[in-house]
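For reference, the chains in residue letters:
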Amino acid sequence: MKRVRPWHGRWVSRKTAKRINDMFDSAPMPDHTQMQQEAVEFKNEMLKLREEALARGEKW
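Cut-offs applied
- Residues numbered from 1 in each chain as written.
- Predicted model: local features only at pLDDT ≥ 70, side-chain atom pairs only at ≥ 80, totals over all residues.
- Heavy atoms only, no water.
- Helix = DSSP H or I, 4+ residues; strand = E, 2+ residues; numbered from the N terminus.
- Buried < 20%, exposed > 50% of the residue type's maximum accessible area, 1.4 Å probe, protein only.
- Areas by Shrake-Rupley, 256 points an atom, 1.4 Å probe, with all protein chains shown as cover.
- Patch = residues over 30% accessible without salt bridge, like charges linked within 9 Å, V, L, I, M, F, W, Y side chains within 5 Å.
- Salt bridge = Lys/Arg side-chain N within 4 Å of Asp/Glu carboxyl O.
- pLDDT = per-residue confidence, 0-100.

## Let's talk about the overall build of the protein chain
Along the backbone of the protein chain there are two helices and two strands. Taken from the N to the C terminus, the helices and strands of the protein chain come in the order β-β-α-α. Going through the 60 residues of the protein chain one by one, you find that 10% of them count as buried. Only carbon and sulfur atoms are counted for the fraction: they give 55% of the accessible area of the protein chain, which is about 6,000 Å².

## Focus: a nonpolar patch on the surface
Among the surface-exposed residues, Leu-49, Leu-54 and Trp-60 lie close enough to one another that they form a single nonpolar patch of about 320 Å² accessible area. Among the structural elements, Leu-49 can be located in helix 2 (residues 32-55).

## Remarks on the pattern of salt bridges
For the coordinates displayed, the defined rule picks out two salt bridges. Measuring nitrogen to oxygen at the nearest pair gives 3.1 Å for the salt bridge that ties Glu-58 to Arg-56. A residue is classified by how much of its surface remains accessible, and Arg-56, at 54% relative accessible area, is exposed.

## Describing the confidence of the model for the protein chain
In the predicted model, the protein chain carries a mean pLDDT of 86, and the fraction of residues at 70 or more is 88%. Helix 2 holds the highest mean pLDDT among the elements of the protein chain, 94, whereas strand 1 (residues 3-7) holds the lowest, 66.

Here it is in structure tokens:
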């Protein structure tokens, strides 16, 4: 049995490597636009809280 490149420190057979590759190829790709929008909203909220704290004279 021919061994192929290690995967997480283990040498695997070509059959196992193909199954792993097929699993990764068939995995759905996440939509990053919603995650980016949430990150922008969070950033804006934190900046707003920072400005309010600085206006009250608190340390940030």
